[in-house]
Amino acid sequence: MDPEQVDEFVMCYLKKKGFNSAAKRLEEVLHQNNGSSFSSIDYHNDPELTKLIRSFSQSEDDPTRYREGYSKLRSWAYNSLDLYKHELLRVMYPVFIHCYMDLVGKGHTQEARAFFNSFRKDHEMIHIRDLQKLEGVLAPSHLEEMEFARSLRQSKVNIKICQYSYDLLLQYLHRTESTLMLGIINEHINFQVYSGQPNSASDDIEAVTIVGSFQDTANHINQKEIQWGLLEDSLEDRLEKTGGLLSDSEKGQGESKDGDMDDSSKKRSTEIGKQGSSIKKLKKDKAGNATAKVARQETSMVSLAPRVKPELALPVMSTDVEQSILEDLRNRVQLSSVAMPSVSFYTFLNTHNGLNCASISHDGSLVAGGFSDSSVKVWDMAKIGQAGSCALQGENDTNDQIVGPNGRRNYTLLLGHSGPVYSATFSPPGDFVLSSSADTTIRLWSTKLNANLVCYKGHNYPVWDVQFSPFGHYFASCSHDRTARIWSMDRIQPLRIMAGHLSDVDCVQWHPNCNYIATGSSDKTVRLWDVQTGECVRIFIGHRSMVLSLAMSPDGKYMASGDEDGTIMMWDLSTARCITPLMGHNSCVWSLSYSGEGSLLASGSADCTVKLWDVTSSTKLTKAEEKNGNSNRLRSLRTFPTKSTPVHALRFSRRNLLFAAGALSKPAS
């Protein structure tokens, strides 16, 4: 290379990298030397330096550099030793998306599409939804207009990697002089290097996390103070002050603790949660001595929670409802890792894949289903028991016309929506049902009048979920319009609008004290909102796919969230940190529910199982146990498989009987 060319390349490089003072000084030196080289050292004949400068001098507008650089890095990573391969492959996805966005940003649309289609299959299994969003990025302006693309460009990815894998990667990049790939990795990836052997591919749920401007925002928001305790003068407080809580050996009524209820016994049962007291007493006495100490400990978890004042004007509870709840609380069965709940599963038949959602009332006496034909159907379990059938018939077919002894069909049909129904929820006393639909509306139904009372309009797109507050009257909804809204039954307009998610808000859940709601989104985050101010007070980051279900612990301190990949994460609301991931499901987690005292978490999944988790031990890990990658594998207490029924809904009754519901996905053999 000519000395003048070298000087020109060095000058361009300094200006490009922002070393303006150095570039200015170089110009002065060259001017003083009348354009001759600024150094007396003969570096122009150094082949290594010449090769390096040539790589810098290559036109950055050449799109083939991205394909060649990524393809070589990909081949090297896939051909690495199996011990380190899974860690090295973690680098590929962020490099892939930033190569694509760089090509789009420089106007090479056709080359960007060809690059995207050539390598997208490598990442579809884990990142399919992100790739679907990136497909819409086709012009440089889209990188600024689309929030998802803009957040990716502004953020960095944290990747955990062992020291040896990190050294291997650096050696490769320097040996092959892959300056383009090195630049992308340096700009968009933070490596958290640890000593020792690499962890297994599935042990660390936080192996890849997003940091940067969004993480900074989340950290700032998570510093806000929240009041996570329970309400003052709650029914539990009154019961505890009056000494109304009974031990299991003293109870003559309540739910059975036998968790092994087979299908035939379920179908013969005609009473919901009120089996014969003599049989239950024998079972309780048998387990009573072993679980008495545990039960006292779990009861104290709720009683020790701090008390806060309500921010909402809560409705006055009728005397009958209050007495009913107190009676249920008095007869609550104390559950623990050695005292499992009874499970009652409601199976929808003949739905023809039309069931979108299911909901169970707090006492298990009513079951609602939302269907694709825009209908809502409510079953009364007492009437089904009288008819001698526990099968919940679905959409129209010959079996749907089965009638009870009174000559009428065994469910109530509620018509009013003009699109598929995606969510339904019962009020705490069970006298109202809310449903949300693709028609953008929410409807309030009376279970006593079997009629539609109100149609709430406010969302602009399909409403994915709606949930009554623990005290009724207020309810929360979430939608494809990326907002959540707070409503009251007596007003047709929303009281608060919570905006901030970057994608669909898929699920919503109230905090036990009604001062906060939590929302889960397709942007892979969970947010906690103050219902009084409408502000976001917590952002929970860690899921790798869309969040589909949420549950709050009875003491209000912890939250569980389930995602599309089957991962459940437990969060501490005060610190916004993940306590532990619960791994076990291999498909979407559609429903979560805590037991009454908060010692167990039930999860229902599309993998046709109900799982019980010991969350008490999950929240009491030592620091040494948290560092142990295998500790979270030991907390699944029991798995209840169904024949072929994805689990749409779960609910622990106030007496701690676990109810579940789902639609049979194929005829039983």
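Residues numbered from 1 in each chain as written. Predicted model: local features only at pLDDT ≥ 70, side-chain atom pairs only at ≥ 80, totals over all residues. Heavy atoms only, no water.

## Here we look at the overall build of the protein
Definition in use: Helix and strand definitions here come from DSSP, where helices need a minimum of 4 consecutive H or I residues and strands a minimum of 2 consecutive E residues; each element is numbered from the N-terminal end. Under the scheme applied here, a residue whose accessible area is under 20% of the maximum for its type counts as buried, over 50% as exposed, and between as partly exposed, the area being computed with a 1.4 Å probe on protein chains only. The contact definition used throughout considers only heavy atoms, calling two residues in contact when any of these lie within 4.5 Å.
Secondary structure assignment for the protein yields 20 helices and 33 strands. In the protein, buried positions account for 51% of the 669 residues. Contacts in the protein between residues at least 24 apart in sequence constitute 59% of all its contacts with a sequence separation of at least 6.

## Quick notes on the packing of aromatic side chains
Both the distance between ring centres and the angle between the ring planes are used here to describe each pair of aromatic rings. Formally: Any pair of Phe, Tyr and Trp rings, taking the six-membered ring for Trp, is counted once the centres come within 6.5 Å. Such a pair is stacked with planes under 30 degrees apart, edge-to-face with planes over 60 apart, and tilted for the rest. By the criterion adopted, a ring carries a charge over it if an Arg CZ or a Lys NZ lies within 6 Å of its centre and within 35 degrees of its normal.
Considering all chains together, one arrives at 19 aromatic pairs under this definition. Pairing Phe96 with Phe115 gives two aromatic rings, centres 5.5 Å apart and planes at 25°, and the pair type is stacked. Of this pair, Phe96 sits in helix H6 (residues 92-105) while Phe115 sits in helix H7 (residues 109-119); the two residues are 19 residues apart in sequence, bridging distant segments of the chain. Accessibility classification places Phe96 together with Phe115 in one group, the buried group. When the ring of Tyr456 is compared with that of Trp487, the centres are 5.8 Å apart and the planes differ by 65°; the resulting orientation is edge-to-face. Residue Tyr456 is located in strand E15 (residues 451-457), and its partner Trp487 is located in strand E18 (residues 483-488); the two are separated by 31 residues in the primary sequence. Of the residues examined, Trp487 reaches a relative accessible area of 0% and is grouped as buried. One aromatic cluster is present, formed by Tyr70, Phe96, Tyr100, Phe115, Phe116 and Phe119 through successive ring pairs. The cationic tip of Lys377 hangs over the ring face of Phe371; the distance from NZ or CZ to the ring centre is 4.9 Å.

## As for the sheet that holds strand E14 (residues 441-446)
Test applied: Following DSSP output, two strands are said to pair if at least two bridges run between them. Axis definition: a line fitted to C-alpha atoms, limited for helices to the stretch in contact. Angles are taken between N-to-C directions and run from 0 to 180 degrees.
The four strands lie next to each other as E12-E13-E14-E15, forming an open sheet whose pairing is antiparallel. Single-partner strands in this sheet number two, and they are strand E12 (421-426) and E15. Going across the sheet, the axis of each strand differs from the next one's by a mean of 20°, ignoring polarity. In this sheet, strand E13 (residues 432-437) lies alongside E12 in antiparallel orientation, the contact comprising five bridges. In the strand pairing of E13, Phe426 is matched with Val433.

## Notes on the sheet that holds strand E21 (residues 516-521)
The sheet built from four strands is open, its strands ordered E20-E21-E22-E23 with antiparallel pairing. Each edge of the open sheet is held by one strand with a lone partner, namely strand E20 (505-510) and strand E23 (536-541). Strand-to-strand twist across the sheet, computed as the mean angle between neighbouring axes with direction ignored, equals 20°. Two elements, E20 and E21, share five bridges in a ladder whose sense is antiparallel. Bridged to Val508 within E21 is Thr519.

## Some thoughts on the pattern of salt bridges
Rules: A pair is scored as a salt bridge if a Lys or Arg side-chain nitrogen falls within 4 Å of a carboxyl oxygen belonging to Asp or Glu.
Tallied over the entire structure, the rule returns 12 salt bridges. Among the salt bridges present, the one from Glu135 reaches Arg120, with a minimum N-O distance of 2.5 Å. Placement of Glu135 in the loop between helix H8 (124-134) and helix H9 (140-145) and of Arg120 in the loop between H7 and H8 is noted, with a sequence separation of 15 residues between them. Note on Arg120: relative accessible area 12%, which makes it buried. When salt bridges that share partners are traced, they join Arg120, Glu124 and Glu135 into one network.

## Section: the environment of Leu312
Checked against the element boundaries, Leu312 lands in the loop between strand E5 (307-308) and helix H17 (319-330). Leaving out residues up to four positions away in the same chain, Leu312 has contacts with Tyr474, Trp510, Cys514, Asn515, Val531 and Gln532.

## Examining the UniProt feature "repeat: WD" (unreviewed entry) in the protein
What counts here: UniProt positions are given in the numbering used here, feature names are shortened, and annotations may be inferred rather than shown by experiment.
Mapped onto this numbering, the UniProt entry annotates "repeat: WD" (unreviewed entry) at residues 348-381, 414-446, 456-497, 498-539, 540-581 and 582-623. The span residues 348-381 is 3% helical and 59% strand by assignment, and the distance between its end C-alpha atoms comes to 13 Å. Taken end to end, residues 414-446 is 0% helix and 61% strand, and its two terminal C-alpha atoms sit 10 Å from one another.

## Some details on the nonpolar core
Using the following cut-off: Buried Ala, Val, Leu, Ile, Met, Phe, Trp, Tyr and Cys residues form a nonpolar core when they are joined through side-chain atoms within 4.5 Å.
Membership of the largest hydrophobic core comes to 41 residues, with the highest contact counts inside it found for Val95, Tyr100, Leu134 and Met181. It is H6 that provides the largest number of residues to this core, a total of 10 residues. Within the second largest apolar cluster, 18 residues are counted, among which are Leu312, Ile517, Val531 and Ile539.

## As for helix H4 (residues 64-78)
The criterion, for reference: Given the number of residues in a helix, its expected span is that number minus one, multiplied by 1.5 Å. Starting at the helix axis, one direction is taken to each C-beta atom, and the arc is that of these directions.
Over its 15 residues, H4 extends 21 Å from the first C-alpha to the last, a length consistent with the 21 Å expected when each residue adds 1.5 Å. Arg65, Tyr66, Gly69, Tyr70, Leu73, Trp76 and Ala77 are the residues of H4 that are buried. One side of H4 holds all its buried residues, which, seen down the axis, span an arc of 130°.

## Focus: H8
Turning to H8, its buried residues are His127, Asp130, Leu131 and Leu134. End-on view of H8: buried residues confined to an arc of 110°, all on one side of the axis. Elements in contact with the buried residues of H8: H6, H7 and helix H10 (147-154).

## Topic: the pairing of E15
Strand direction decides the pairing type here: E14 and E15, joined by six bridges, are antiparallel. Looking at E15, one finds that Trp445 is bridged to Asn452. Hairpin geometry of E14 and E15 is characterised by an intervening segment of four residues between the two adjacent antiparallel strands and by a positive phi of about 55° at Asn450.

## Observations regarding the packing of H6 against H10
Here is the rule we go by: Roughly parallel covers angles under 35 degrees, roughly antiparallel covers those over 145, roughly perpendicular covers 65 to 115, and oblique covers all other angles. Crossing chirality is assigned from the near helix's rotation relative to the far helix, an anticlockwise turn below a right angle marking it left-handed and a clockwise turn marking it right-handed. In the scheme used here, Gly and all other residues not listed as nonpolar or charged are polar, with Ala, Val, Leu, Ile, Met, Phe, Trp, Tyr, Cys and Pro taken as nonpolar and Asp, Glu, Lys and Arg as charged.
Taken N-terminus to C-terminus, the directions of H6 and H10 make an angle of 110°; their axes are 11 Å apart at the nearest point. Compared by their axis directions, H6 and H10 come out roughly perpendicular. Note that H6 runs across H10; the crossing there is left-handed. Judged by residue contacts, Ile97, His98, Met101 and Asp102 of H6 engage Ala149, Leu152 and Arg153 from H10. Tallied by class, residues from the contact of H6 with H10 come to four nonpolar, one polar and two charged.

## Some words on the side chain of Thr616
Put simply, the rule reads: In the analysis that follows, any N or O atom pair within 3.5 Å is treated as a polar contact, provided that within protein one partner can donate a hydrogen and the other can accept it, and provided that, for residues neighboring in sequence, both atoms belong to side chains.
Examined against the element boundaries, Thr616 turns out to sit in helix H19 (residues 615-618). Within the structure, the side chain of Thr616 is placed 3.4 Å from the backbone oxygen of Ser599, a separation counted as a polar contact.

## Considering the side chain of Asp572
Going by this rule: Under this rule, positive means Lys or Arg and negative means Asp or Glu; His and the chain ends count for nothing.
Inspection of the secondary structure puts Asp572 in strand E26 (residues 568-572). Summary of buried charges: Asp572 has no salt-bridge partner, and the nearest side chain of opposite charge, Lys557, is 4.9 Å away.

## Focus: the environment of Phe119
As for its position among the elements, Phe119 is in helix H7. Residue Phe119 is classed as buried on the basis of its relative accessible area of 6%. Taking C-alpha positions, Phe119 is 8.8 Å from Ser71, a pair spaced 48 residues apart along the chain. Those residues within four positions of Phe119 in sequence are excluded, and the remaining contacts are Arg67, Tyr70, Ser71, Arg74 and Phe96.

## Here's the deal with the confidence of the model for the protein
For clarity, the cut-off: Confidence of the predictor at the level of single residues is captured by pLDDT, which takes values from 0 to 100.
Taken residue by residue, the protein gives an average pLDDT of 79. The fraction at 70 or more is 76%. Here residues 247-300 scores under 50 on pLDDT; set against residues more than four positions off or in separate chains, the count is 89 contacts. Here residues 395-407 scores under 50 on pLDDT; set against residues more than four positions off or in separate chains, the count is 27 contacts.

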